[in-house]
Amino acid sequence: NAGVMQNPRHLVRRRGQEARLRCSPMKGHSHVYWYRQLPEEGLKFMVYLQKENIIDESGMPKERFSAEFPKEGPSILRIQQVVRGDSAAYFCASSPFTTGELFFGEGSRLTVL
Amino acid sequence: DQQVKQNSPSLSVQEGRISILNCDYTNSMFDYFLWYKKYPAEGPTFLISISSIKDKNEDGRFTVFLNKSAKHLSLHIVPSQPGDSAVYFCAASLLTQGGSEKLVFGKGTKLTVNP
């Protein structure tokens, strides 16, 4: 009964490179959320997806960031041309319903040099 | 525009005593509230929640109180144990027009329980 799986746990990129973070939700969960935690900050909502659909991306930066949750495979958070300010912990969460408790993964920590 | 505020970044209590973590919110549209606990290098784990139609919810050593008129909630842990040492996040749920839910988190309070 695996929980939410995120990989990689740690990712180091140089400025201008691309970062791809993957998230496999819990079995039976079709709702996926991405949150970002900057140092000394709380978790900030980025995007909410269901299979093949972006439901709410109001927290996503307008440029360089994209997310998908394909019919098969994990959800992907993609950051193009990373900058130092993208360094953060990115948490994925899943839920079996549109409301209720979210189950979080252990996070992916991105460091941009 | 911080809709959920945890004004105490840290709290230190003695083992066996009560820990009280506070949270204030500004958006009256929040329909329920949750507390998450987070250890270093781990993801947040759900602790307890309360619906906006209730004023108290209890689960073992953990009790959450909601004061809607003051837009304030608190988490009480009694008795506190060293294993409770973690960062506690207050979160509020907002149902969007599209029917999806969004959790808005506070910045967290780091609780240290001293043996």
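Check the entry above for the structure.
### Details of the interface of chain B and chain A
Reasoning step 1: Contacts between chain B and chain A engage 20 residues on the former and 23 residues on the latter.
Reasoning step 2: Carbon and sulfur atoms supply 56% of the area that chain B and chain A bury against each other, a total of about 1700 Å² over both sides.
Reasoning step 3: Of all residues in chain B, Glu101, Lys102 and Phe105 of chain B bury the most surface against chain A, accounting for 28% of the area lost on that side.
Reasoning step 4: Here chain B and chain A share 2 salt bridges between them.
Reasoning step 5: Note that Lys107 of chain B is salt-bridged to Glu41 of chain A, the shortest N-O span being 3.6 Å.
Reasoning step 6: At the boundary of chain B and chain A, one finds 4 residue pairs in polar contact (both at pLDDT 80 or more).
Reasoning step 7: Put simply, the parts of the chain that give the side of chain B that touches chain A at least two residues each are β4 (32–38), β9 (86–95) and β10 (101–105) of chain B.
Reasoning step 8: Taken together, the residues that form the side of chain B that touches chain A break down as 10 nonpolar, 5 polar and 5 charged.

### Some thoughts on a nonpolar patch on the surface
All names here are of chain B.
Reasoning step 1: Taken together, the side chains of Ile18, Ile20 and Val78 present a nonpolar region at the surface, about 230 Å² in accessible area.
Reasoning step 2: Relative to the helices and strands, Ile18 is located in the loop between β2 (10–14) and β3 (19–25).
Reasoning step 3: Judged by relative accessible area, Ile18 falls into the partly exposed class, the value being 41%.

Conventions used here
- Residues numbered from 1 in each chain as written.
- Chains lettered and ligands numbered in written order.
- Predicted model: local features only at pLDDT ≥ 70, side-chain atom pairs only at ≥ 80, totals over all residues.
- Heavy atoms only, no water.
- Contact = heavy atoms within 4.5 Å.
- Buried area = accessible area lost by both parts, 1.4 Å probe.
- Salt bridge = Lys/Arg side-chain N within 4 Å of Asp/Glu carboxyl O.
- Polar contact = N/O pair within 3.5 Å; in protein donor to acceptor, adjacent residues only side chain to side chain.
- Helix = DSSP H or I, 4+ residues; strand = E, 2+ residues; numbered from the N terminus.
- Nonpolar A, V, L, I, M, F, W, Y, C, P; charged D, E, K, R; others polar.
- Patch = residues over 30% accessible without salt bridge, like charges linked within 9 Å, V, L, I, M, F, W, Y side chains within 5 Å.
- Areas by Shrake-Rupley, 256 points an atom, 1.4 Å probe, with all protein chains shown as cover.
- Buried < 20%, exposed > 50% of the residue type's maximum accessible area, 1.4 Å probe, protein only.

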